[in-house]
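# Chain and residue survey
For reference, the chains in residue letters:
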Amino acid sequence: GAVVSQHPSRVICKSGTSVKIECRSLDFQATTMFWYRQFPKQSLMLMATSNEGSKATYEQGVEKDKFLINHASLTLSTLTVTSAHPEDSSFYICSAGVAGGQETQYFGPGTRLLVL
Amino acid sequence: TQLLEQSPQFLSIQEGENLTVYCNSSSVFSSLQWYRQEPGEGPVLLVTVVTGGEVKKLKRLTFQFGDARKDSSLHITAAQPGDTGLYLCAGKHSGTYKYIFGTGTRLKVLA
């Protein structure tokens, strides 16, 4: 089956630093990748939709200058949390859509970010 | 704004009991998915429904898509401790690629 990986799985950083999270589709090409944020005991909230070779589309209320998304290839999308603050601490999950199969998205294992 | 409301929010039951989780919306979806998520992991897809009134079965799990494609239900028969987890519905509107997740139902099955 289609596999999506995320790196790192956990990261702890100091307030004010930037953190980059990678999302890779390992055995398929993903024209579209989605980034979600999940706070403890809550559901997933879509942050942005990332399309290969074009600018990401951000959901309402998500700061595009704070959450930088780059989708440079069909197998890699990155999310950079710039100038992270404690309130950015969360579980960040990506998913990848298979080209030609928009009904299916495969989720990564998530990245837990803790900002001190 | 959460477009998909799930109920109940929390559910704790004994092994062997049956349960139903509901996913409701005021808008129409072209497709709806159900996921289960374990703590610290990404959600795992259980089923996708696309036709109004559609019923799908996955072992002890029965999924139904409402006739108007605005709501869905998940019924678990004879729940087992391994069913414990966060159940999420996610709907997609026609003409878009993105899924919007429901508020979630946290299920705990006691042995």
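Higher on the page you've got the structure.
Criteria and cut-off values
Residues numbered from 1 in each chain as written. Chains lettered and ligands numbered in written order. Predicted model: local features only at pLDDT ≥ 70, side-chain atom pairs only at ≥ 80, totals over all residues. Heavy atoms only, no water. Pairing = 2+ DSSP bridges. Helix = DSSP H or I, 4+ residues; strand = E, 2+ residues; numbered from the N terminus. Axes fitted to C-alpha atoms, helices over the stretch in contact; angles between N-to-C directions. Salt bridge = Lys/Arg side-chain N within 4 Å of Asp/Glu carboxyl O. Buried < 20%, exposed > 50% of the residue type's maximum accessible area, 1.4 Å probe, protein only. Contact = heavy atoms within 4.5 Å. Phe/Tyr/Trp six-rings, centres within 6.5 Å; stacked < 30°, edge-to-face > 60°. Lys NZ or Arg CZ within 6 Å of the ring centre and 35° of its normal. Polar contact = N/O pair within 3.5 Å; in protein donor to acceptor, adjacent residues only side chain to side chain.

### Focus on the sheet that holds strand β7 (residues 67–73) of chain A
Residues and elements named next belong to chain A.
- Taken together, four strands build an open sheet; the order of strands is β1-β3-β8-β7 and the sheet is antiparallel. Either end of the sheet is taken by a strand with one partner, and the two such strands are β1 (4–7) and β7. Across this sheet, the average inter-strand angle for adjacent strands is 15°, counted without regard to direction.
- Alignment of β7 against strand β8 (residues 76–81), held across five bridges, turns out to be antiparallel.

### Brief notes about the pattern of salt bridges
Residues and elements named next belong to chain A.
- If you walk through the whole model with that rule in mind, you get six salt bridges over all chains.
- For glutamate 22, the salt bridge identified is with arginine 24, shortest N-O distance 3.5 Å.
- You can call glutamate 22 partly exposed: its relative accessible area is 23%.
- What makes arginine 24 partly exposed here is its relative accessible area of 34%.

### Considering unusual backbone geometry
- With omega at 0°, the peptide bond leading from histidine 7 of chain A into proline 8 of chain A counts as cis.
- You can see proline 8 of chain A is positioned in the loop between β1 and β2 (10–13).
- Here the amide bond leading from serine 7 of chain B into proline 8 of chain B is cis, since omega sits at -5°, within 30 degrees of zero.
- Here the phi dihedral of serine 83 of chain A falls at roughly 45°; this positive angle occurs in a residue that is not glycine.
- For serine 83 of chain A, a relative accessible area of 33% translates into the label partly exposed.
- One non-glycine residue with positive phi stands out, namely alanine 78 of chain B, at about 50°.

### Considering the environment of valine 21 of chain B
Residues and elements named next belong to chain B.
- Here valine 21 lies in strand β3 (residues 19–24).
- On the basis of relative accessibility, which here comes to 1%, the residue valine 21 falls in the buried class.
- Once you skip the residues sitting within four places of it in the chain, valine 21 turns out to touch Gln6, Ser7, Trp34, Ser72, Ser73, Leu74 and Thr105.

### Focus on the pairing of strand β7 (residues 61–65) of chain B
Residue and element names in this part refer to chain B.
- Of the two faces of β7, the one holding Leu61, Phe63 and Phe65 is buried and the one holding Thr62 and Gln64 is not buried anywhere.
- Two strands pair when backbone bridges link them, and strand β6 (residues 55–58) and β7 are joined in this way by four bridges, in the antiparallel orientation. Considered in β7, the bridge of lysine 56 is made with phenylalanine 63.
- Linking β6 to β7, which pair antiparallel, is a turn of two residues; within it lysine 59 sits at a positive phi near 55°.
- Pairing of β7 with strand β8 (residues 71–76) involves five bridges; the strand directions are antiparallel. From the neighbouring strand, glutamine 64 faces β8, where its bridge partner is serine 73.

### Points about the packing of aromatic side chains
- Evaluation of the coordinates by the stated rule reveals seven aromatic pairs over all chains.
- Measuring from centroid to centroid gives 5.3 Å for tyrosine 36 of chain A and phenylalanine 101 of chain B, while their planes differ by 90°, and the two rings are edge-to-face. Note that tyrosine 36 of chain A is positioned in strand β4 (residues 30–38) and phenylalanine 101 of chain B in strand β10 (residues 99–101), a pairing that runs across two chains. The exposure classification of tyrosine 36 of chain A matches that of phenylalanine 101 of chain B, with both residues buried.
- Positioned above the aromatic ring of phenylalanine 67 of chain A is the side chain of lysine 66 of chain A, whose terminal nitrogen or guanidinium carbon lies 6.0 Å from the ring centre.

### A closer look at the side chain of serine 31 of chain B
Residue and element names in this part refer to chain B.
- Note that serine 31 resides in strand β4 (residues 31–37).
- A relative accessible area of 0% places serine 31 in the buried class.
- A distance of 2.7 Å separates polar atoms of two side chains, one belonging to serine 31 and the other to tyrosine 99.

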